[in-house]
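Structural features, examined
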There are 2 protein chains.
Amino acid sequence: MKTNLSELQASLNEDGIAYYLIPTADPHQSEYIDDSFKFREYISGFTGSAGTLVVSPKSCWLWTDGRYYTQAEEQIDTSHIQLMKQGTDGVPTVLEFLDEHLEPEQIIGTNGKYISEDYGKKISRIAKKHKAVFRANMHYVEKLWINRPSTTKNPIYIHDISYAGETIDEKISKIRAVMEQAGAQSYFLSALPDIAWLFNLRGDDIKCTPVFYGYAWITEEKIYLFIHENCLSATAIPYLKEHQVIVMNYEEIVPFLEKQRGTVMLDSRSTNYLHGQTLFKCKIMDQPNPTESLKAVKNETEIANLKKYHLYDGIAMTKFIYWLKTQIGQIPMTERSVSQRLEEERQKQPDYMGLSFDTICAYKEHAAMMHYQSDEESDVPLEPEGMLLIDSGAQYYGATTDVTRTFILGPISEEEKKHYTLVCKSMLLLADAKFLAGCRGSNLDIIAREPLWAEGIDYRCGTGHGVGYFLGVHEGPNAFRWRSNPESLDAVLRPGMVTTDEPGVYLPGKYGIRTENMLLCKEQRQNEYGSFLEFEPLTLVPIDLDGIDFTLLNEKEKQLLSEYQQLVYDRISPHLTQDESAWLFEQLC
Amino acid sequence: MKTNLSELQASLNEDGIAYYLIPTADPHQSEYIDDSFKFREYISGFTGSAGTLVVSPKSCWLWTDGRYYTQAEEQIDTSHIQLMKQGTDGVPTVLEFLDEHLEPEQIIGTNGKYISEDYGKKISRIAKKHKAVFRANMHYVEKLWINRPSTTKNPIYIHDISYAGETIDEKISKIRAVMEQAGAQSYFLSALPDIAWLFNLRGDDIKCTPVFYGYAWITEEKIYLFIHENCLSATAIPYLKEHQVIVMNYEEIVPFLEKQRGTVMLDSRSTNYLHGQTLFKCKIMDQPNPTESLKAVKNETEIANLKKYHLYDGIAMTKFIYWLKTQIGQIPMTERSVSQRLEEERQKQPDYMGLSFDTICAYKEHAAMMHYQSDEESDVPLEPEGMLLIDSGAQYYGATTDVTRTFILGPISEEEKKHYTLVCKSMLLLADAKFLAGCRGSNLDIIAREPLWAEGIDYRCGTGHGVGYFLGVHEGPNAFRWRSNPESLDAVLRPGMVTTDEPGVYLPGKYGIRTENMLLCKEQRQNEYGSFLEFEPLTLVPIDLDGIDFTLLNEKEKQLLSEYQQLVYDRISPHLTQDESAWLFEQLC
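Note that the structure is a prediction, hence the values are computed from the model and not measured. As a convention, each chain's residues are numbered from 1 in the sequence order in which they are written. The naming scheme follows written order: chains are lettered A onward, ligands numbered 1 onward. Whole-chain, interface and lining totals are the exception, using all residues; otherwise, since this is a predicted model, local features are given only for residues with pLDDT of at least 70 and side-chain atom pairs are given and counted only at 80 or more. To get the side-chain values, take all heavy atoms of the structure and skip hydrogens and water.

**Notes on the overall build of chain A**
Across its full length, chain A holds 19 helices and 28 strands. Seen through its C-alpha atoms, chain A measures out along the principal axes to roughly 65 × 60 × 50 Å. Each residue is placed in one exposure class: buried if its accessible area under a 1.4 Å probe, protein chains only, is under 20% of its type's maximum, exposed if it is over 50%, and partly exposed if it falls in between. Here chain A, with 589 residues, has 61% of them falling under the buried criterion. In what follows, residue pairs with any heavy atoms lying within 4.5 Å of each other are defined as contacts. In chain A, the proportion of contacts linking residues at least 24 apart, taken out of those at least 6 apart, comes to 69%. Counting every atom, chain A has about 22,900 Å² of accessible surface; 48% of that belongs to carbon and sulfur. Under the scheme used here, helices are H or I runs from DSSP no shorter than 4 residues and strands are E runs no shorter than 2 residues, and both carry numbers assigned from the N terminus. For the area figures, the Shrake-Rupley method with a 1.4 Å probe applies, and any residue is considered shielded solely by the protein chains shown.

**Some remarks on the nonpolar core**
Here the nonpolar core consists of buried residues drawn from Ala, Val, Leu, Ile, Met, Phe, Trp, Tyr and Cys, with membership extended through side-chain atoms lying within 4.5 Å. Counting residues in hydrophobic clusters, the biggest one holds 147 residues, and the most contacted among them are Val 338, Phe 435 and Leu 444 of chain A together with Val 338, Phe 435 and Leu 444 of chain B. Beyond its immediate sequence surroundings of up to four residues, Val 338 of chain A is in contact with Phe 320, Trp 323, Leu 324, Met 333, Cys 361, Leu 382, Leu 388 and Ile 390 of chain A. Ranked by size, the runner-up nonpolar core spans 78 residues in total, among them Phe 39, Leu 62, Met 179 and Cys 231 of chain B.

**Here we look at the sheet that holds strand β18 (residues 394–396) of chain A**
Residues and elements named next belong to chain A. Whether two strands pair depends on DSSP finding at least two bridges between them. Strand order in the open sheet formed by three strands is β15-β18-β19, and the pairing between neighbours is antiparallel. Whereas interior strands pair on both sides, the edge strands pair on one side only; in this sheet they are β15 (352–355) and β19 (399–400). Pairing between β15 and β18: three bridges, direction antiparallel. By the bridge assignment, Gly 354 is partnered in β18 with Gln 395. Packed on one face of the sheet, helix α14 (residues 300–327) meets β18 and β19 and runs near 135 degrees to β18. Relative to β15, helix α15 (residues 335–347) is tilted by about 160 degrees, and along the sheet it contacts β15 and β18. The angle between two axes is taken between their N-to-C directions and runs from 0 to 180 degrees, where each axis is a line fitted to C-alpha atoms and a helix contributes only its stretch in contact.

**Describing the state of the cysteines**
Such a bond, covalent and formed between the sulfur atoms of two cysteines, is termed a disulfide. All names here are of chain A. Two cysteine sulfur atoms make up a disulfide if the distance between them is within 2.5 Å. Considering all chains together, one arrives at zero disulfides over all chains under this definition. Between Cys 424, a free cysteine, and Cys 589, which holds the nearest cysteine sulfur, the sulfur-to-sulfur gap is 10 Å. Among the residues examined, Cys 424 registers a relative accessible area of 1% and is labelled buried.

**Description of the relation of the copies chain B and chain A**
Take chain B, turn it by 180 degrees, move it 0.0 Å along the axis, and it overlays chain A with an RMSD of 0.0 Å. Such a combination of turn and shift is consistent with a two-fold rotation axis. Both copies contact each other with a shared surface, as 100% of the interface residues of chain B are interface residues in chain A too. For this overlay, a least-squares fit was computed on C-alpha atoms, restricted to residues scoring pLDDT of at least 70 in both copies.

**Some details on the UniProt feature "domain: Peptidase M24" (unreviewed entry) in chain A**
UniProt positions are given in the numbering used here, feature names are shortened, and annotations may be inferred rather than shown by experiment. The residues that UniProt annotates with the feature "domain: Peptidase M24" (unreviewed entry) are residues 306–523 of chain A. For residues 306–523 of chain A, the helix share is 30%, the strand share is 23%, and the end-to-end C-alpha distance is 17 Å.

**Considering the side chain of Ser 270 of chain A**
Residues and elements named next belong to chain A. In this fold, Ser 270 is placed in the loop between β13 (262–266) and α12 (273–278). Assessed through its relative accessible area of 10%, Ser 270 is described here as buried. Two N or O atoms count as a polar contact when they lie within 3.5 Å, although within protein this holds only if one can serve as hydrogen donor and the other as acceptor, and sequence-adjacent residues are included solely when both atoms are side-chain atoms. Separated by 3.1 Å, the side chains of Ser 270 and Asn 289 make a polar contact.

**Re the UniProt feature "domain: Creatinase N-terminal" (unreviewed entry) in chain A**
Feature annotation in UniProt places "domain: Creatinase N-terminal" (unreviewed entry) on residues 6–124 of chain A, given in this structure's numbering. Secondary structure across residues 6–124 of chain A comprises 33% helix and 17% strand; the distance between its end C-alpha atoms is 27 Å.

**A closer look at the packing of helix α16 (residues 414–431) of chain A against helix α18 (residues 555–572) of chain A**
All names here are of chain A. Packing of α16 against α18 brings their axes to within 10 Å, and their N-to-C directions diverge by 80 degrees. Classified by the interaxial angle, the pair formed by α16 and α18 is roughly perpendicular. From α16, Lys 425, Leu 428 and Leu 429 reach across to α18, where they touch Lys 556, Glu 557, Leu 560, Leu 561 and Tyr 564. Here the contact of α16 with α18 is composed, by residue class, of five nonpolar, no polar and three charged. Put simply, angles under 35 degrees are roughly parallel, angles over 145 are roughly antiparallel, angles from 65 to 115 are roughly perpendicular, and the rest are oblique. Residues are grouped as follows: Ala, Val, Leu, Ile, Met, Phe, Trp, Tyr, Cys and Pro are nonpolar; Asp, Glu, Lys and Arg are charged; all remaining types, including Gly, are polar.

**Things to note about helix α4 (residues 94–101) of chain A**
All names here are of chain A. Of the residues making up α4, those classed as buried are Val 94, Leu 95, Phe 97 and Leu 98. Along the axis of α4, the buried residues cluster in a sector spanning 160 degrees; they form a single face. Among the structural elements, β1 (19–22), β2 (52–55), β3 (60–64), β4 (82–85), β5 (107–109) and α5 (117–129) are those in contact with the buried residues of α4. What the arc measures is the spread of directions leading from the helix axis to the C-beta atoms.

**Quick word on the interface of chain B and chain A**
Facing 35 residues of chain B, the contacting portion of chain A comprises 35 residues. In this description, buried area is defined as the sum, over both parts, of the accessible area (probe of 1.4 Å) that is lost when the two are combined. Roughly 3,000 Å² is buried in total at the junction of chain B and chain A, and carbon and sulfur atoms are behind 54% of that figure. Note on definitions: salt bridges are taken to be side-chain nitrogens of Lys or Arg within 4 Å of carboxyl oxygens of Asp or Glu. Put simply, chain B and chain A have zero salt bridges between them. If you look at where chain B meets chain A, you find 16 residue pairs in polar contact (both at pLDDT 80 or more). The set of elements that each furnish at least two residues to the side of chain B that touches chain A consists of β21 (435–436), α17 (441–453), β25 (504–507) and β27 (517–527) of chain B. The greatest single-element share of the side of chain B that touches chain A, amounting to seven residues, is contributed by α17 of chain B. Residues that form the side of chain B that touches chain A fall into these classes: 18 nonpolar, eight polar and nine charged.

**Some words on the environment of Pro 290 of chain A**
Residue and element names in this part refer to chain A. Looking at the secondary structure, you find Pro 290 in helix α13 (residues 290–296). Under the relative-accessibility criterion, Pro 290 is labelled buried at 9%. Separated by 96 residues in sequence, Pro 290 and Asp 194 place their C-alpha atoms 9.2 Å apart. Setting aside anything within four residues of it in sequence, one finds Pro 290 in contact with Ile 175, Val 178, Tyr 187 and Met 265.

**Considerations on the packing of aromatic side chains**
Residues and elements named next belong to chain A. The rule is short: rings of Phe, Tyr and Trp, with Trp giving its six-membered ring, pair when the centres are within 6.5 Å, and they are stacked under 30 degrees, edge-to-face over 60, tilted in between. If you walk through the whole model with that rule in mind, you get 63 aromatic pairs over all chains. Seen in terms of ring centroids, Tyr 42 and Trp 145 are 4.8 Å apart; in terms of plane orientation they differ by 20 degrees. Their pairing is stacked. Of this pair, Tyr 42 sits in helix α2 (residues 39–44) while Trp 145 is found in the loop between α6 (140–144) and β7 (157–158), placing the two residues 103 residues apart along the sequence. With centroids separated by 5.6 Å and ring planes inclined at 40 degrees, the aromatic side chains of Phe 134 and Tyr 273 adopt a geometry described as tilted. You can see Phe 134 sitting in strand β6 (residues 133–135) and its partner Tyr 273 sitting in helix α12, a full 139 residues away along the chain. For a Lys NZ or an Arg CZ to count as sitting over a ring, it must be within 6 Å of the ring centre and within 35 degrees of the ring normal. Sitting above the plane of the Tyr 140 ring, Lys 143 keeps its charged end 5.2 Å from the centroid.

**Re the sheet that holds strand β11 (residues 223–227) of chain A**
Residue and element names in this part refer to chain A. Ordered in space as β12-β11-β10-β8-β13-β14, the six strands form an open sheet in which the pairing is mixed. Every other strand in the sheet has two partners, leaving β12 (245–249) and β14 (282–286) as the edge strands with one partner each. This sheet shows a mean twist of 25 degrees between the axes of neighbouring strands, independent of strand direction. As paired elements, strand β10 (residues 214–219) and β11 share five bridges and run antiparallel to each other. Note on β11: the bridge partner recorded for Ala 216 is Leu 225. Against the sheet, helix α8 (residues 168–182) engages β8 (186–189), β10, β11, β13 and β14, with an angle of about 60 degrees to β10. Strands in contact with helix α9 (residues 192–199) are β8, β10, β11 and β12; relative to β10, the strand with the most contacts, it is inclined by about 60 degrees.

Right, here's the structure in full:
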């Protein structure tokens, strides 16, 4: 790995580039990216899903968040790359770092296709402030990278209306209403899950995410969709025609944008900087993609399917857990073999379309890395002792699932039991919240965090994220997290939104615990104070009671746990074998 | 009252004014205002501390918040004034209302001295959007108001450094550092509590608030203070001279502002629109007054005094409660007579400087009005039954106090007992919060609200507000409230900040319950996750256990209540008579 970095540094030195920025992004600011865009991994060796590398001719800094501190430290060459722990007191952000370090006439470079319009503008302002030069048309890593994989171009197919619940036309007319309200003549959309949602199409261009590379341009009268045309399925071609969608080639987007004039609405967080600059003759109206909040509120068809496919997912998970808990110590198992077994259980379910993210199967201290990925090198045998964390999910034609359970494989310490109990309690308390309409996730986050904060423990990530519908496993604008600032206030929670609830305890070198359910927001009651909302758990997977210290739960908390286990039993047991069902009955409390 | 409104409407009709805006404000955007500025009360009859009147030739609308719905309905002539319940679903804000109603060429008028620069600009934008005309130089109510009281001009005196804890020079240099950082040449300050804090001066121009009318203008080299010069005490004159403060007459501010050029930092929420417009030759840097967050974080001297004077305040309150609880039914009492008795107890305490707000003493259904004021007409005898809510506070030379207790005067219903218990529980749970530095009140608010929300009950106000130090009883930027938007995100909580914790239940026509402690934010522990903060109660006043249904509290909640009562007993009992002390001992649980 060191070779890639030193080669890059030699080039930067030669060309007099003071800082070169390598984000983790594709031209759509997707959260997960195709292998062909893994420039940061290529240079640093760090494989985590999020991180930014800043390279100077003599130094190198890697920013990543709390999920990846431990993993990054293991993967990078710390004698050449300095780890910058995002969100830790005293650690500057990339922008603050540039603001502190940039000197007059220094050049900061990047490829503008891989940073957002918003972020690029911020760098540009900082460069200007320090009389430095910002160049966003550089391709250093592209030039260095031999055998770079080509970008995926998989088939694009229709997501049937009986699953989507709403036609293109209905969705487009909502977008046009927002445009009219804002006074915009055009709307430019770069976010892949939003495009898939808007056109009721799905693809397979990003691992675990059924999206396809594309851009959409909507005017008051026309609808343009820029895609790899050859990928369109035979039925999708007439379907798009029928809905008056003008299909253009993906590569034609830049020349098309160059020709545009007038007022354009776009979201500068998902539009890339290159495209933002290309639209320089337009008046830009920067606002969050209306598609984001529209698709976050699931319609009735979607909700019905979410429930149906979560039942399937729960059956697969429960069958797997029965096998895991009864076979541990009896037959050989490793992190990778049990992941495989779980995937096989899911494959048996109807309309299974693949995993929704790489399964995290982490034994003992591995689980302290929130997003640990077991590979041949790190894989370990599982013994009848300690804890195993499995965070997994699937794509079904009518749902995206995401569930974490931590399993007690054998004896655990008192401390482990205490932390396991606290985590379950945190998850259950948030799931039980009743709150007035208007609340944001940032209002509710502390309900999950307080039991841990009271013990001086924190998890360095949000408590939960929005989830797509046969789309991205992480989707906004809803989330549970407590930090907020005026620029990134989290969304107001609305009935129909789906958010994960996944508090945890992570002790590096020791163990990690996480329990995660997906929660559907719905109305509880209306009265003179307004509309009260609550959550319904979509996830139907038993919690491993072997880790619970019931003396740490009060009556209400015991009841919440008992009710959840009962719900799972009632819904899942009819679909199990007699042995499995008998085992699940024992999970009642 | 109707006469005032109809006279105004006749004038508006004659002059072709479509809408006339009458806010509740003085030229400093003070929260509580001197009688001479009570234009809205003069026209509408509504005496609450907050509200905005919009008058058209034929209609009239009064906006007020949840604290005052019931009171406003009782005080206004609802056949001529429509009550607009701020914060209720579907009720537009004043600005939304104007946006909905303004038509081309209509005139909307007001006196720009009484609206903030920020608000005035918003009205101006809405007027422009609808091609209407906004005139901020009108004085309709001033012309109508015969016998309008003259503005208060009381003495201005030094707040001794042994109480202030920090000199003018130290404070000014902090302000200048902010100015330098922001690149501002001047700083214009209109907020009265901030001016009093900055100059270590106090006055008595606003009832219950030791401030004086003034403006400050700080440059890199000079300090101007605009006040009613004749009010300066004999010691204050040389004191200001010694600190190089240039004293100018209050009335000279407009001509002074007209002459200014360059970059001026100001807070458009507390600067009035007239002054903002007067500075049209300057480049305005609008940002929250730095004085606000500086004065919110109490220094060590202030904290020591806060504790000392809260002990005094607790002694006065406890003596009063002993009298109330033992004498009720024995001797005649009314809302007003017990308020008087409480005030007398406080007057006996050292360095007592008056009430910090008009005592709210509300029996039975009166307490459903959050800010009920008992007057000759509404005053009622107290009987040994039902509940009495008393929200009161004092100004001491070294503290501002604010405490609410609800007293059980005799038999109460099961429902009353349940709600009383829930309110105490809410207050105690928030006071017990442990949280990571960086949290805002909006993150914590739900801790107090959740026990009530779970029952479908809400209180239509924040859970608590910041409190000044021998200054305003309501001071920002800290608060506990859950609603937030990008423009008004509440402040991050910092050690040294003081905030009230006052959840409640208000059932119109039935009863009202509130329990309020003042909480000091302080550090709890530092570890690898960051700095954890917690609260220490400043208020030392027993909670009336007669309302508690212990079956509704879990073990932890019982312990919190027990610990609080013990703390009060330990600190207060040494200062009581034997009888009082014996009674307080019975309040332990």
